[in-house]
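As a plain string of letters, each chain reads:
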Amino acid sequence: MRGADYFLKRTVFALVTVFVAITLNFIIFRAAPGDAVTGLRCQFCTIEFKDQLREELGLDKSKWEQYVIYLESLAQGDMGRSFVTREPVLDELIDPLLNTLPMIALGTAFSIVFGILSGVVAAWRRGTFLDWGNLSFSLLFYSLPTQWLGLMLLIVFAGTLPASGISDPFLEFTDPSWWDTFVDRLEHMILPAATIGIVLYGEYALIVRSSLMETLGEDFVLTARAKGLRNWAIVWKHAFRSALLPVATLIALSLGYLVAGAILVEAVFSYPGIGLATYDAVTERDYPVLQGAFLILTLSVVFANYMADLLYFKLDPRVAE
Amino acid sequence: MKRVLALLAALLMTALALAACGGDGGGGQAAGTGAEEEGEVVKGGILRVGTTDGYDSINPFVAFSAQSYSTFIDIYPELVQYNADFEWEGDWAESWETSPDGLTWTFKLKPGGKWSDGTPLTAEDAVWTGETILKYADGPTANLAPFLEHVKSLEAPDPNTLVVTYETPVGNVLPQLQQFFVLPKHVWQKYAVGDGKALKQYLPEKDLPIVSAGQYVLTKYDKKGTTILERNEGFYGPQPNADAVGIQWFANSDAMVTAFRSGELDFIAVPLTAVSAIEDDPQFEVIKAEGFQINNFIFNSNPKKPQNRELLDPRVREAFAHALNREEMIEVVHAGHAQPVASIVAPVAGKWMNPNLKPEEYDIDRANQILDDLGYERGSDGIRMANGHKMSYEIITPDSLDGINRAFEIAKTGLAEIGVEVTQNSLDSTTAFEEIGAPEWKYLNFDLSMWDWVGYLDPNFVLSVVGCDQYGGWSDTAYCNPEYDRLYKLQAATADEEKRKEIVWKLQEILYEDKPYIQLVVLDIVTAHSTKWDGFLPGGLDAYTKRYLGEPHQVG
C-alpha cells in the first residue's frame, strides 16, 4: 500500500505541475507587449483589416475568455492554430520535434556513456594525473557556452561535415538509396549532437566522479575491501550502483534540454528542430505555437521527473520506507 | 521600406513599388542586358544559393518577406522588369504604349508561354489576377493592392494584349507593375469566392510543384531548409542557364559563410565584416554594389512631445549631426563597405536622389559652438543643461540591426564631446518599434533612436514614411508637416519624370532642414560566388529582375 500511496502522490503532484505550467504558459506570453497583429505592421492594412484579423485569431476577446477557450481546446487535445500559417499547432511542431529527438538522443547517449566512464575512472584514480586531466576537461566543457562551442565545431569541421540543415537538399537529384539517405542524415546530425553531447558530458562526468568518490568512502566499501574483493568488483558491483542514484535524476532533468538547449544549438546549425520553431514563434508573436512548444517542454520535463521518481522507488529502498 | 527586424523585415520588403530610375518613361522596349560575358557559358548544373532571409510564405496574398517576393519574380510572369543598367525592359510584355492622357497603358505580351501544368498563359490570367486583387483590396489581397493603386480596370482584347486603365495619372506606373505577379487563374479562381478569405488560407506548397509560368518552377518548398526551383520548359522568355536553383536557408551568417568557404554553396550575399576574408581567396569572386539600406539617427519630432523639447529644435539637431562620426562608423562598423549620405533616398536611386544635399561634417567645435550659442551651458560633470534639466537621453536601438551596438558607442563618444549624455536601450525589433510609438502610437515617450530604412529604386515608398498619416503605420519619427504631405501627393500623381524629380528633390530638402532623421551611411551590398560560376548581376537586383537567377552559368 505504501507503494500505491507514493505512486498516487507523485501522480497528483505531476498533474498539478502540468496545470500550473499550462496556466503560466498562457499568462507569460500575453504579458509581453504587442500581439500578433501589432507585430504585423502592414502599411496598407486598414484598421478594419487588422480588427478582422484580431477577430479571426480570437484576440478581440477578453483575456479570461481566451484562457477558458485555451483550456477547453487543450482538454480536447487541440493546441490551436498557428497565427502565422493557420495550420494546427501540432502539425507545426511534430516535424521539428521528430527532427530534434534523434539529435538530442544521440548527444545524450554520447554524454551518458563517456560522462559515466570518465567520472568512474576519475573517482577510481583520484588524485592522479588521470583524475586531474578528467576534471579539467569536464570543467572546461561544462562551462563552455553552448553556442560558442557549436560555432567552433562548425569552423573546425567545415568541409568535412555539413554546416547546416538536416539533409543534403540536392541528394534527391542523385536517386539515393536508403543507406545514402541514412548516412546523409547522420552526417548532418553529428555536429549539433556533438555540441550537446560535449556540454552534457562535462556535467555527467563531474557528478559521477563526486558521487562515486563519496560512495567509495562509505563503510560498506570498506567492508568489501576487507572481504578481499578486487578493485573493479568494488567499484562496479558495489559503489557504482549506489552512485548511480543522483545520475538517474540528472539524466531525467537534462531532458529539459529538449527545447532549451536545442534553441541554441539549432540556431547555430540551422537545424530545423523544435528549438528553432520556438525561436521563430517568439519573434513572430505566434502564441499558439509558443504555448505548444512550451507545453511539450513542460510535459517532457514533468514526465521525465515522474519517471525518475518512480525509478527511485525501485532503485532506493529508503524511499519506500 | 524595410525595417530590419523579424516581422518588419518581412513586411517591408514586400510592400511597395520600386521604381524607375533611369526608366525610359514608358514607351517601348528598353535595351541593354548588362550581363557579364566572361568565361565560356556552360548550361546546366544546380546553382546553390545561401541566404539568411527566410521565406515566410509562398502564397503571394500572405507573404511579406523579401525572399518570398524574390522567388515570385522567378516563378510568375511580370509585365516589366529592370535590366542590369536599371533601365526598363519587358518581362512578359514585348512592348507597351501609353495613351496621351497617361491613363491607358497597353501591353503587347510575348506569345507561347505555358503554365507548368501545360495550360496556356494568356492575358486573361493577368486580368483575373488584377481584378481579384482589386476586388478584395481591403482584406485578403491588401498586401498586393498597392501595386495596382488607382487602377480602374484591366482588359484582355486578345490573348496577347493587356490594357490597364487608371483613374488618375500616376507617377510610377512601371515601378508598381514590376511587382504585379500574374497568377494562374485556373488554379486560384476557386479560392476567390465569397469574402475571399480562402485566397489567404490556400497553401500552394501542398500542391507541389507550384503551377508556375516564370523561368523556374518551384518543385520543393522548405522554409527551414532548401527550396528548389527547376527550369520551366514552357517559359515565354530565354531559358535560364542553370537547370535548377537551390536556395538554402541559414539561421546565422557565420554558418552560411563557413558553408560557402567549404564549397557547400556557390553564391551568397556576404556579411560586410566577412568580405575581406573571402576577397583574399582565389576560389571566389566578389561583386560590390551600391546598396539600399541607409542607417539613420532618429529624433522624435512629435510637436506634442512633453519631455526634452529642446530636441525639437533643428539647431540642436544640427549640433548632433556634427558630432556623429560617419567615417568612423564606416570603418569600424561596416569594415569600410559603406558611404556617408545626407538623404533618405539612396544614391542607387540615381536621379531621384538630391545631389545638392551633403552629409554634415564631423566637427565637434562647430557642434559645441551651436549649443553654446543656444545658452546650454555645461554643468560641473561636463553635461550641458537645457531648460533646467541635463541633456541626458536614451537611444532606442533594435538588436536585429547588424553592428548597431558599435554604431551606438561611436555616437555616444561624439555626443559626450559636446556635453550630451546618451544611454542605450537595446530591444528586439518589434518591442523597439512599439516603444517608439508608445503610448498607443502617440509617440510621446521616446527621444532618440538609431535604425535604418531599406528603400527601393523608386523613392515613392521611402518618402512616404514621414507622412502625417503614418502615425501607427511606418512612422518612426512622428514627423508631420502638411506642406511635405501636399508635395508628396503631388509627386505621386505627376507622370512627367522631370517635374516629378523636382518635387522629389524638394521633399528631400525639407527633410534635410527639419531633420527628423540624420541620415548616416548607406551600406554596400556585397555578393560572392565560386569561380566555377559566372554571369551574376550586382546584389539587390533579385527584387527587380528575372535575370538575377536566370543568367548565372557554370564556367567551362
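What counts, and at which threshold
- Residues numbered from 1 in each chain as written.
- Chains lettered and ligands numbered in written order.
- Predicted model: local features only at pLDDT ≥ 70, side-chain atom pairs only at ≥ 80, totals over all residues.
- Helix = DSSP H or I, 4+ residues; strand = E, 2+ residues; numbered from the N terminus.
- Rg over C-alpha atoms; globule rule 2.2 N^0.38 Å.
- Buried ≥ 20, exposed ≤ 12 C-beta atoms within 10 Å, placed from the backbone.
- Contact = placed C-beta atoms within 7 Å.
- Domains from an automatic or database assignment.
- Core = buried A, V, L, I, M, F, W, Y, C linked by C-beta atoms within 7 Å.
- Axes fitted to C-alpha atoms, helices over the stretch in contact; angles between N-to-C directions.
- Left-handed = near helix turned anticlockwise from the far one by under 90°.
- Pairing = 2+ DSSP bridges.
- pLDDT = per-residue confidence, 0-100.
- Arc of directions from axis to C-beta.

For the rest of this paragraph, the subject is the overall build of chain B. Looking only at helices and strands, one finds 17 helices and 24 strands in chain B. For chain B, the C-alpha radius of gyration of 24 Å lies close to 24 Å, the compact-globule estimate for 556 residues. Going through the 556 residues of chain B one by one, you find that 55% of them count as buried. Long-range pairs, those at least 24 residues apart, make up 72% of the contacts in chain B with a sequence separation of at least 6.

In terms of helices and strands, chain A carries 14 helices and 0 strands. When the elements of chain A are put in sequence order from the N terminus, they spell out α-α-α-α-α-α-α-α-α-α-α-α-α-α. When each of the 321 residues of chain A is scored for burial, the buried share is 36%. Contacts in chain A between residues far apart in sequence, at least 24 positions, make up 74% of those at least 6 positions apart.

With that settled, consider the domain arrangement of chain B. How big an interface is tends to be expressed through the accessible area that disappears when the partners come together. In terms of domain boundaries, chain B breaks down into domain 1 (1-76 + 214-289 + 527-556), domain 2 (79-185) and domain 3 (293-523). With centres defined by C-alpha atoms, the gap from domain 1 of chain B to domain 3 of chain B works out at 31 Å.

With that out of the way, let us pick up the nonpolar core. Val-120 and Ala-293 of chain A together with Val-245, Ala-255 and Met-450 of chain B are the most contacted members of the largest nonpolar core, which totals 226 residues. Among the elements that make up this core, the one with the highest residue count is helix α8 (residues 178-216) of chain A (16 residues). Residues in contact with Met-450 of chain B, not counting those within four places in the same chain, are Phe-297, Ile-298, Ile-395, Thr-397, Ile-404, Ala-407, Phe-408 and Ala-411 of chain B.

Structurally, Asp-117 of chain B can be placed in the loop between β6 (104-109) and α3 (123-135). Sequence-wise, Asp-117 of chain B and Met-450 of chain B are 333 residues apart; in three dimensions their C-alpha atoms are separated by 49 Å.

Take the packing of helix α9 (residues 219-226) of chain A against helix α10 (residues 231-253) of chain A next. All names here are of chain A. Taken N-terminus to C-terminus, the directions of α9 and α10 make an angle of 145 degrees; their axes are 10 Å apart at the nearest point. Seen from above, α9 lies across α10 with right-handed handedness. Between α9 and α10, the contacting residues are Phe-220, Val-221, Ala-224 and Arg-225 on the first element and Ile-234, His-238 and Ala-239 on the second.

Further remarks concern the pairing of strand β9 (residues 216-220) of chain B. Bridge analysis of β9 of chain B against strand β10 (residues 226-231) of chain B gives 4 bridges, and the strand direction is antiparallel. Each residue of the ladder has a partner; that of Val-217 of chain B, found in β10 of chain B, is Glu-230 of chain B.

So, about the sheet that holds strand β20 (residues 448-454) of chain B. Residues and elements named next belong to chain B. Strand order across the open sheet formed by 6 strands is β15-β21-β14-β20-β18-β19, with mixed pairing between neighbours. Each end of this open sheet is capped by a strand with a single partner; those strands are β15 (338-340) and β19 (421-427). On average, each strand axis in the sheet is tilted by 25 degrees relative to the strand beside it, whichever way the strands run.

Here the focus is the sheet that holds strand β23 (residues 533-534) of chain B. Residues and elements named next belong to chain B. Reading across from one edge, β1-β24-β23 is the order of the 3 strands in this open sheet, with antiparallel pairing throughout. Of all the strands in the sheet, just β1 (41-42) and β23 have a single pairing partner and so form its edges. Sheet analysis places β1 next to strand β24 (residues 553-555), joined by 2 bridges and oriented antiparallel. Each bridged residue has a counterpart across the sheet, and for Val-41 the counterpart in β24 is Val-555.

On to the confidence of the model for chain A. Per-residue pLDDT for chain A has a mean of 80; in total, 88% of the residues score no lower than 70. Ranking the elements of chain A by mean pLDDT puts helix α2 (residues 36-39) of chain A last, at 56, and helix α7 (residues 146-156) of chain A first, at 89.

On to the environment of Gly-263 of chain B, then. For Gly-263 of chain B, the position within the fold is in the loop between α7 (253-261) and β12 (267-269). Spatially, the C-alpha atom of Gly-263 of chain B lies 9.9 Å from that of Arg-48 of chain B, the residues being 215 residues apart in sequence.

This next bit is on helix α2 (residues 66-75) of chain B. For α2 of chain B, the buried fraction is high: 10 of the 10 residues fall into the buried class. What α2 of chain B keeps buried is the set Ala-66, Gln-67, Ser-68, Tyr-69, Ser-70, Thr-71, Phe-72, Ile-73, Asp-74 and Ile-75 of chain B.

All names here are of chain B. Every buried residue of helix α11 (residues 364-373) is listed here: Ala-367, Ile-370 and Leu-371. For α11, the arc enclosing every buried residue in end-on projection is 90 degrees, short of the 170-degree limit, so these residues lie on one face. Every exposed residue of α11 that faces more than 90 degrees away from the buried side is listed here: Asp-365 and Asp-373. Residues of α11 that are buried sit in contact with α9 (314-323). After α11 finishes, the residue Gly-375 shows a positive phi value of roughly 85 degrees.

Here we come to the pairing of strand β8 (residues 161-166) of chain B. All names here are of chain B. Here β8 shows one buried face, formed by Leu-162, Val-164 and Tyr-166, and one open face, formed by Thr-161, Val-163 and Thr-165. Bridging between β6 and β8 involves 5 bridges; their strand directions are antiparallel. From the neighbouring strand, Thr-106 faces β8, where its bridge partner is Val-163. The antiparallel hairpin formed by strand β7 (residues 151-158) and β8 contains 2 residues in its connecting segment.

Further remarks concern unusual backbone geometry. Residues and elements named next belong to chain B. Along the chain, Leu-208 connects to Pro-209 via a cis peptide bond; the corresponding omega equals -5 degrees. Note on placement: Pro-209 falls in the loop between α6 (197-201) and β9. Of note, the amide linkage connecting Ala-438 to Pro-439 takes the cis form, showing an omega dihedral of -10 degrees. For Pro-439, the position within the fold is in the loop between α13 (429-437) and β20.

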